[in-house]
Amino acid sequence: SLPAKLINGGIAGLIGVTCVFPIDLAKTRLQNQQNGQRMYTSMSDCLIKTIRSEGYFGMYRGAAVNLTLVTPEKAIKLAANDFFRHHLSKDGKKLTLLREMLAGCGAGTCQVIVTTPMEMLKIQLQDAGRIAAQKKLMAAQAQLSSSSAAGAAEPVVETRTTAMQITKELLRSKGIAGLYKGLGATLLRDVPFSIVYFPLFANLNKLGQKDPNVKAPFYVSFLSGCVAGSTAAVAVNPCDVIKTRLQSLQRGVNEDTYSGILDCTKKIWQKEGPMAFLKGAYCRALVIAPLFGIAQVVYFIGIAEFLLDMLPKHRA
């Protein structure tokens, strides 16, 4: 049932995000840093420096936004895919690869309603620590190079903003369109992701089915979700880099600004080289693999069905 699908998707999203959010934060910071003042050399370096400068909970900056919105986001994605697969197979025939891809396309298109504002707010909060750390480093270098105390740079104090403050400011200055900045880039990432992920998962999962009418074991669903998720994540990583850059409202020292997808693509290619489009790819694979593996296991177990079945009994 649709309520069961929505609950399963929501539970899967909450569990998955809690487990992998620090890696997602590292991915955002690695993708946003441009040539010049680079703060981090790798995922582990980013996480270690984040803990040192911002504390353990610094790794979870922006997590509240994700935890709030990931439930409807994952619920829409998984339920929409099931919805489209069901209607595309109404003729009783087995779904062809093309129809599986169309179902994934529909799911990816539907989810951006929630994904775009969620990613927009999350990125601002995740990247704030990197920009503050960069400014502190620049201030420290200026202080060391100054010849006298009078010429020393003022210490940089980070002013922490909340998701609500960012939302209010965007709505005040740009209206609802402010929350949907980077919508085109989000579609460019999420639609191909779903086109790759859902058919690949379905076909990998079938390999573990001994009988077409019996579900594959839960570990098969988990591994299928991990493999399909990481494959799709790496495949669309260039689009994710572009989306992250376009949705970042604040820039570090001497970092480029972009007017759109083509402008962003051109500047990254010319100034940072083609390998820049793979920034954070392994982080993204590490985020997406368990996230979708957990999602498929939750679907397999059917937690929502159990809860919904208990409701009438509880009322009785």
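Residues numbered from 1 in each chain as written. Predicted model: local features only at pLDDT ≥ 70, side-chain atom pairs only at ≥ 80, totals over all residues. Heavy atoms only, no water.

With an unreviewed UniProt entry as reference, the protein chain is termed Mitochondrial glutamate carrier 1, source organism Sula dactylatra. For the protein chain, the Function (unreviewed entry) comment in UniProt is given as "Mitochondrial glutamate/H(+) symporter. Responsible for the transport of glutamate from the cytosol into the mitochondrial matrix with the concomitant import of a proton. Plays a role in the control of glucose-stimulated insulin secretion." Per UniProt, the protein chain has the following entry under Subcellular location (unreviewed entry): "Mitochondrion inner membrane". (UniProt positions renumbered as here; feature names shortened; annotations may be inferred.)

## Quick look at the overall build of the protein chain
When its secondary structure is counted, the protein chain shows 12 helices and 0 strands. Residues classed as buried in the protein chain amount to 48% of the 316 residues present. Partitioning the intrachain contacts of the protein chain with sequence separation of at least 6 by distance along the chain shows that 80% fall at a separation of at least 24. Accessible surface for the protein chain amounts to roughly 15600 Å². Of this, 67% is attributable to carbon and sulfur atoms. (Helix = DSSP H or I, 4+ residues; strand = E, 2+ residues; numbered from the N terminus. Buried < 20%, exposed > 50% of the residue type's maximum accessible area, 1.4 Å probe, protein only. Contact = heavy atoms within 4.5 Å. Areas by Shrake-Rupley, 256 points an atom, 1.4 Å probe, with all protein chains shown as cover.)

## Quick look at empty space enclosed by the protein
Summed over all chains, the structure comprises 1 cavity of 30 Å³ or more. The volume enclosed by the largest cavity comes to roughly 270 Å³. As for the largest cavity, its lining consists of 22 residues, of which K74, E119, R284, I288 and L291 are closest to the centre. Of all elements in the fold, only helix 1 (2-32), helix 3 (63-88), helix 4 (97-145), helix 7 (183-207) and helix 11 (281-301) reach the threshold of two or more residues within the lining of the largest cavity. Split by residue class, the lining of the largest cavity holds 10 nonpolar, 2 polar and 10 charged. (1 Å grid on protein atoms, 1.4 Å probe; cavity = no way out; pocket = protein on both sides within 12 Å on 5 of 7 lines; lining within 4 Å. Points joined across faces, edges and corners; volume = space filled by probe spheres on them. Nonpolar A, V, L, I, M, F, W, Y, C, P; charged D, E, K, R; others polar.)

## Some details on helix 10 (residues 261-272)
Its 12 residues give helix 10 an end-to-end C-alpha distance of 16 Å, which sits within 8% of 16 Å, the value for a rise of 1.5 Å per residue. For helix 10, the complete set of buried residues consists of C264, I268 and E272. In a view along the axis of helix 10, the buried residues occupy a sector of 30°, so they form one face of it. Across helix 10 from its buried face, at more than 90 degrees, point the exposed residues L262, K266, W269 and Q270. Buried residues belonging to helix 10 abut helix 9 (237-247). Where helix 10 ends, the next residue or the one after it, G273, has phi of about 85°, a positive value. (Expected span 1.5 Å × (residues − 1). Arc of directions from axis to C-beta.)

## A look at the nonpolar core
Counting residues in hydrophobic clusters, the biggest one holds 44 residues, and the most contacted among them are M43, V65, F193, Y197, I288 and F292. Secondary-structure elements contributing two or more residues to this core are helix 1, helix 2 (43-54), helix 3, helix 4, helix 5 (163-174), helix 7, helix 8 (218-235) and helix 11. Contacts of M43, omitting those with residues within four sequence positions, involve I23, A26, L30, Y282, C283 and L286. Residues V241, L246, Y258 and F277 belong to the second largest nonpolar core, which totals 9 residues. (Core = buried A, V, L, I, M, F, W, Y, C linked by side-chain atoms within 4.5 Å.)

## A word on the packing of helix 3 against helix 7
The geometry of helix 3 relative to helix 7 is characterised by a closest axis approach of 12 Å and an angle of 70° between their N-to-C directions. In terms of orientation, helix 3 lies roughly perpendicular with respect to helix 7. Relative to helix 7, helix 3 is oriented so that their crossing is right-handed. Residues K77, L78, N81 and R85 of helix 3 form the contact with helix 7, whose own contacting residues are F193, S194, F198 and A202. (Axes fitted to C-alpha atoms, helices over the stretch in contact; angles between N-to-C directions. Parallel < 35°, antiparallel > 145°, perpendicular 65-115°, else oblique. Left-handed = near helix turned anticlockwise from the far one by under 90°.)

## Re helix 9
For helix 9, the buried fraction is high: 10 of the 11 residues fall into the buried class. Where helix 9 is concerned, the buried positions are N237, C239, D240, V241, I242, K243, T244, R245, L246 and Q247.

## A few points about the state of the cysteines
According to the stated counting rule, one finds 0 disulfides in the structure shown. With no disulfide partner, C46 has as its closest neighbouring cysteine sulfur the one in C283, 7.7 Å distant. Summary of cysteine pairing: C110 is not part of a disulfide, and the nearest cysteine sulfur, belonging to C105, is at 9.4 Å. Owing to a relative accessible area of 27%, C110 belongs among the partly exposed residues under this scheme. (Disulfide = S-S within 2.5 Å.)

## Focus: the packing of aromatic side chains
A complete count under the given rule lists 8 aromatic pairs for this structure. Ring centres of F21 and Y60 lie 6.1 Å apart, and the angle between their planes is 15°; on these two criteria the pair is classed as stacked. You can see F21 sitting in helix 1 and its partner Y60 sitting in the loop between helix 2 and helix 3, a full 39 residues away along the chain. Residue F21 is classed as buried on the basis of its relative accessible area of 1%. (Phe/Tyr/Trp six-rings, centres within 6.5 Å; stacked < 30°, edge-to-face > 60°.)

## Some points on the pattern of salt bridges
With the rule as written, the count across this model stands at 19 salt bridges. Linking D240 and K27 is a salt bridge whose minimum nitrogen-to-oxygen distance equals 2.8 Å. A residue pair is termed long-range when its members are at least 10 positions apart, and D240 in helix 9 and K27 in helix 1 qualify at 213 residues. When the shortest N-O distance is used, the salt bridge between D263 and K267 registers 3.4 Å. With D263 and K267 both in helix 10 and 4 residues apart, the pair spans about one turn of that helix. By relative accessible area, which is 22% here, D263 ends up partly exposed. (Salt bridge = Lys/Arg side-chain N within 4 Å of Asp/Glu carboxyl O.)

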